[in-house]
Amino acid sequence: MSLTYYEAKERARRLLNITETKTSDYVIGGIRIDSDLANQLVKVSTEIVQQLDIGEVAESSRILSAIPRSLKLVYDFDPSEIAYIGGFSKLEHVMERLRRSFKENPKAEIAVLYGPPGTGKTTWGRYVARKLVYDEGEGVFKGLYVEVRVSDLVSPYVGMSARIADALINMVSSIAEKHPVVVLFDEADALVSRNVAT
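Below is a short write-up of the structure. (Residues numbered from 1 in each chain as written. Predicted model: local features only at pLDDT ≥ 70, side-chain atom pairs only at ≥ 80, totals over all residues. Heavy atoms only, no water.)

1. So, the packing of helix H1 (residues 5-16) against helix H2 (residues 35-52)
Right, so step 1: Two elements in contact, H1 and H2, have axes whose closest approach is 8 Å; the angle formed by their N-to-C orientations is 115°. In terms of their interaxial angle, H1 and H2 are classed as roughly perpendicular. Along this stretch, H1 crosses H2, giving a crossing that reads as right-handed. Across the interface between the two elements, Tyr5, Ala8, Lys9, Arg11, Ala12, Arg13 and Leu16 from H1 touch Leu41, Val42, Ser45, Thr46, Val49 and Gln50 from H2.
Right, so step 2: When its residues are assigned to classes, the contact of H1 with H2 shows seven nonpolar, three polar and three charged. (Axes fitted to C-alpha atoms, helices over the stretch in contact; angles between N-to-C directions. Helix = DSSP H or I, 4+ residues; strand = E, 2+ residues; numbered from the N terminus. Parallel < 35°, antiparallel > 145°, perpendicular 65-115°, else oblique. Left-handed = near helix turned anticlockwise from the far one by under 90°. Contact = heavy atoms within 4.5 Å. Nonpolar A, V, L, I, M, F, W, Y, C, P; charged D, E, K, R; others polar.)

2. Some points on the packing of aromatic side chains
Right, so step 1: Considering all chains together, one arrives at three aromatic pairs under this definition.
Right, so step 2: Arranged with centres 6.0 Å apart and planes meeting at 85°, the rings of Tyr75 and Tyr134 form a pair that is edge-to-face. Taken together, the residues span a long stretch of sequence, with Tyr75 in helix H4 (residues 66-75) and Tyr134 in strand E6 (residues 134-135) at a distance of 59 residues.
Right, so step 3: Relative accessible area serves as the criterion here: at 10%, Tyr134 is assigned to the buried category.
Right, so step 4: Ring geometry for Tyr134 and Phe141: centres 4.8 Å apart, planes at 55°, overall tilted. Each member of the pair, Tyr134 together with Phe141, is buried.
Right, so step 5: Here the aromatic cluster, defined as three or more aromatic residues joined through ring pairs, consists of Tyr75, Tyr134 and Phe141. (Phe/Tyr/Trp six-rings, centres within 6.5 Å; stacked < 30°, edge-to-face > 60°. Buried < 20%, exposed > 50% of the residue type's maximum accessible area, 1.4 Å probe, protein only.)

3. Things to note about the nonpolar core
Right, so step 1: With 54 residues, the main nonpolar core has Leu64, Ile67, Trp124 and Met171 as its most contacted residues.
Right, so step 2: Those residues within four positions of Leu64 in sequence are excluded, and the remaining contacts are Ala12, Leu15, Leu16, Ser45, Ile48, Val49 and Met171. (Core = buried A, V, L, I, M, F, W, Y, C linked by side-chain atoms within 4.5 Å.)

4. A look at the packing of H4 against helix H6 (residues 121-133)
Right, so step 1: With their axes 9 Å apart at the nearest point, H4 and H6 run at an angle of 85° to one another. Between H4 and H6, the angle falls in the class roughly perpendicular. Side by side, H4 and H6 meet where Leu73, Val74 and Tyr75 of the first sit next to Arg126, Ala129 and Arg130 of the second.

5. Quick notes on the environment of Ser61
Right, so step 1: Among the secondary structure elements, Ser61 is positioned in helix H3 (residues 61-64).
Right, so step 2: On the accessibility criterion, Ser61 (25% relative accessible area) is partly exposed.
Right, so step 3: Considering only alpha carbons, one finds Ser61 and Asp152, 91 residues apart in sequence, at a separation of 8.5 Å.
Right, so step 4: Dropping the residues within four chain positions of it, Ser61 is found in contact with Leu15 and Ala66.
Right, so step 5: Of note is the side chain of Ser61, whose polar atom sits 2.8 Å from the backbone oxygen of Ala58. (Polar contact = N/O pair within 3.5 Å; in protein donor to acceptor, adjacent residues only side chain to side chain.)

Laid out in structure tokens, this is it:
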């Protein structure tokens with residue numbers, strides 16, 4: 001049975017762990033986010049719940065629960081960690097290019113990092129997100145960061161994995177119309193390997 005709009009909105013807010021404070025600030029898991037971003041995120045997330053959830057089958061949780069988890073990873077991230085990555089100076093050059101590009105066109109750049117496990121790819125992705133979507137001065141997220149794992153996209157229900165991926169792309173595209181968005185597909189090669197194997 002399909003959810004009503006208000007049921008879907010409530011489920012979306014629970015999955016996002018989003019609340020409004022007495023001072024009209026919005027927080028996700030205790031982390032402040034821009035109010036316009038919060039409203040847009042709730043709207044898009046409600047649509048995702050209506051698209052993916054039927055009764056007790058709550059496949060929207062695969063995407064939406066990743067958002068508070070991802071924001072916390074960036075919020076807790078210590079930028080000094082990046083100094084331990086080999087070739088840091090070259091990465092900093094790429095970082096500046098991404099920053100300039102984001103100001104001109106938030107949807108302009110895609111960076112693909114590859115290499116053996118433990119070489120700092122995920123750490124660098126979080127560093128980029130910290131620089132591009134988090135305002136250190138105000139202590140508030142002005143943009144969205146989503147760290148996607150293979151398990152967030154793969155569903156046991158027939159045809160649902162494609163719908164989840166489509167919903168993620170639509171969410172990112174919608175938010176990116178007004179706010180910077182960084183999406184990190186961690187270990188994306190595992191998803192490709194899984195598809196090739198099947």
